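Per-entry structural report
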Amino acid sequence: MKNLVSRIVLTIKRRETPLADFIYRLAKGLRSFSLPTVKPLHLPLYYLDRGLHEGLQWLLHTFWWSPLFRARCEVAGKNLRVPNGIPYVVGSHLLIMLGDNVTIQRSTIGASRVFDEPVLRIGNASTVGYGTVISVAKEIVIGDNCLIGPNCIIMDSDDHPISPGKRLAGEGVKPEDVLPVRIGNNVWIGSNCAILKGVTIGDNSIIATHSVITKDVLENCIYAGYPARPTVRDIDKLDVVKEYGGEHGIPT
Ligand SMILES: CC(C)(COP(=O)(O)OP(=O)(O)OC[C@H]1O[C@@H](n2cnc3c(N)ncnc32)[C@H](O)[C@@H]1OP(=O)(O)O)[C@@H](O)C(=O)NCCC(=O)NCCS
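Residues numbered from 1 in each chain as written. Predicted model: local features only at pLDDT ≥ 70, side-chain atom pairs only at ≥ 80, totals over all residues. Heavy atoms only, no water.

For the rest of this paragraph, the subject is the overall build of the protein chain. Broken down by element type, the protein chain carries five helices and 19 strands. Principal-axis analysis of the C-alpha atoms places the extent of the protein chain at approximately 75 × 55 × 45 Å. Counting the 252 residues in the protein chain, one finds 33% classified as buried. Look at the contacts in the protein chain between residues 6 or more apart in sequence, and 27% of them connect residues 24 or more apart. Counting every atom, the protein chain has about 15,300 Å² of accessible surface; 59% of that belongs to carbon and sulfur. Of the charged side chains in the protein chain, 28 are positive and 24 negative, and the gap between their average positions amounts to 14 Å. (Helix = DSSP H or I, 4+ residues; strand = E, 2+ residues; numbered from the N terminus. Buried < 20%, exposed > 50% of the residue type's maximum accessible area, 1.4 Å probe, protein only. Contact = heavy atoms within 4.5 Å. Areas by Shrake-Rupley, 256 points an atom, 1.4 Å probe, with all protein chains shown as cover. Lys, Arg positive; Asp, Glu negative; His and termini not counted. Charge placed at Lys NZ, Arg CZ, Asp CG, Glu CD.)

Okay, structure coming up:
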């Protein structure tokens, strides 16, 4: 039966007979059919769709996602927002401590098995963007007023051992290879960045999109690249340049 169906489908796709060619063109025409848009009709319907969607999101957020996720946290301050649903938390031993006015878009927060009580702390008024993964073996601290962009990864260990044999044996990382991550206050991390183990990011600094942070980041700097380095274009943006001059590899 499966062979017969595959044979017929291939005959049509290859347009091997006049009938197959007709069916092929008919199916293609149907697939590209679309209703003409009547703006006075469809625009109000668009806003109706958006309004219903927003209303449903509000109901879900207020009566389901926020209270349930708040219950999962050790501490959660006021006005916790999880606008796209409950973050996916892996590891029931992970302690999550959140300040006031924290927003976490749909993200993954995972804990490895190395330590008994790994901790994720996020300070007041900080936001974690959509698709970001925070992988905690021991401790990751994000300060106040931070903006963590979408699709970032923040991790305080490499998650897997370097040794091929240990990976095959399913071993985890050693406790001494876990190095906590500290992100200061008012730090802006652009989209798709990786913040690797042991890194401290100084207050007010910016990490440009798609950067990989492997070493500490000074306060009040913009870092970019792979691995990230300090960059300066507009000197007025960065008081630190006046302070440090050309030290620490900061271009002047
Ligand atoms: C961090 C950022 C805001 C800095 O903007 P800026 O100060 O205007 O930076 P500039 O465009 O002047 O770039 C300065 C230098 O850094 C380089 N640079 C900037 N972003 C970079 C990146 N992501 N990777 C590598 N180099 C980068 C530029 O090429 C330039 O180098 P040059 O002086 O040799 O020409 C910007 O780079 C950025 O990442 N924007 C996206 C933020 C984001 O992800 N938002 C999503 C929502 S959170």
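Let us keep going from here.
Okay, the nonpolar core next. Generally speaking, nonpolar side chains in soluble globular proteins are found buried as a group. Ranked by size, the top nonpolar core spans 38 residues in total, and within it Ile-183 and Ile-189 carry the most contacts. Mapped onto this core, the elements with two or more residues apiece are α3 (39-72), β3 (95-98), β5 (108-111), β6 (119-122), β8 (133-136), β9 (139-142) and β12 (181-183). For Ile-183, the residues in contact, after removing those within four places along its chain, are Val-141, Ile-142, Gly-143, Cys-146, Ile-148, Ile-154, Ile-189 and Ile-201. (Core = buried A, V, L, I, M, F, W, Y, C linked by side-chain atoms within 4.5 Å.)

A few words on α3. The end-to-end C-alpha distance of α3, which contains 34 residues, comes to 46 Å, matching closely the 50 Å that a straight helix rising 1.5 Å per residue would cover. The largest bend in α3 amounts to roughly 50 degrees and is located at His-61. For α3, the elements touching its buried residues are β2 (88-90), β3, β4 (103-104) and β5. (Expected span 1.5 Å × (residues − 1). Bend = angle between axes of the 7 residues up to and from the residue.)

Bringing the pattern of salt bridges into the picture now. It is possible for side chains bearing opposite charge to pair when their charged atoms get close. Throughout the structure, instances matching the rule amount to eight salt bridges. The salt bridge involving Arg-15 is made with Asp-21; its shortest N-O contact spans 2.9 Å. Classification of Asp-21 by relative accessible area gives buried; the value is 19%. Asp-49 is paired through a salt bridge with Arg-50; the nearest N and O atoms lie 3.0 Å apart. By sharing partners, the salt bridges in this structure join Arg-7, Arg-14 and Glu-16 into a single network. (Salt bridge = Lys/Arg side-chain N within 4 Å of Asp/Glu carboxyl O.)

What follows deals with the confidence of the model for the protein chain. For the protein chain, the mean per-residue pLDDT works out to 92, and 92% of the residues sit at or above 70. Here residues 248-252 is modelled with pLDDT under 50, and outside its nearest four sequence neighbours on either side it reaches 17 contacts, counting other chains as well. (pLDDT = per-residue confidence, 0-100.)

Time to look at the sheet that holds β6. Pairing is parallel in the open sheet, where six strands are placed in the order β1-β3-β6-β9-β12-β15. Two strands lie at the open edges of the sheet, namely β1 (75-76) and β15 (200-201), each paired on one side alone. Judged from the three bridges that link them, β9 and β12 form a sheet pairing that is parallel. When the bridges of β12 are listed, Val-141 appears paired with Arg-182. (Pairing = 2+ DSSP bridges.)

Once that is clear, we can look at the environment of Ala-125. Within the fold, Ala-125 resides in the loop between β6 and β7 (127-128). Once the C-alpha coordinates of Ala-125 and Ile-206 are considered, the two residues, 81 residues apart in sequence, prove to be 17 Å apart. Residue contacts for Ala-125: discarding those within four places in its chain leaves Asp-100, Asn-101, Val-102, Asn-145 and Cys-146.

Working definition: the covalent bond between the sulfur atoms of two cysteines is a disulfide. Following the criterion strictly, the structure yields zero disulfides and no others. The thiol of Cys-152 is not disulfide-bonded; the next cysteine sulfur, from Cys-193, is found 4.9 Å away. With a relative accessible area of 2%, Cys-152 lands in the buried category. (Disulfide = S-S within 2.5 Å.)

Turning next to the packing of helix α1 (residues 2-13) against helix α2 (residues 18-31). A pair of packed helices is characterised by two quantities: the angle between their axes and the separation of those axes. Their axes nearest at 7 Å, the elements α1 and α2 cross at an angle of 80 degrees. Here α1 lies roughly perpendicular to α2, going by the angle between them. Note on element contacts: α2 touches α1 through Ala-20, Ile-23 and Tyr-24, opposite Thr-11, Ile-12 and Lys-13. For the contact of α1 with α2, the per-class residue count stands at four nonpolar, one polar and one charged. (Axes fitted to C-alpha atoms, helices over the stretch in contact; angles between N-to-C directions. Parallel < 35°, antiparallel > 145°, perpendicular 65-115°, else oblique. Nonpolar A, V, L, I, M, F, W, Y, C, P; charged D, E, K, R; others polar.)

Now for the side chain of Ser-157. Looking at the secondary structure, you find Ser-157 in the loop between β11 (153-155) and α4 (164-168). Looking at Ser-157, the relative accessible area reads 1%, which means it is buried. There is a polar contact of 3.0 Å between the side chain of Ser-157 and the backbone nitrogen of Asp-159. Residues in contact with Ser-157, not counting those within four places in the same chain, are Ala-137, Val-173, Asp-177, Val-178 and Lys-197. (Polar contact = N/O pair within 3.5 Å; in protein donor to acceptor, adjacent residues only side chain to side chain.)

We now examine the pairing of β8. Bridge analysis of β5 against β8 gives four bridges, and the strand direction is parallel. Among the inter-strand pairings, Ile-109 is bridged to a residue of β8, identified as Ile-134. Across three bridges, the pairing between β8 and β11 is parallel. If you follow Ser-135 over to β11, its bridge partner there is Met-155.

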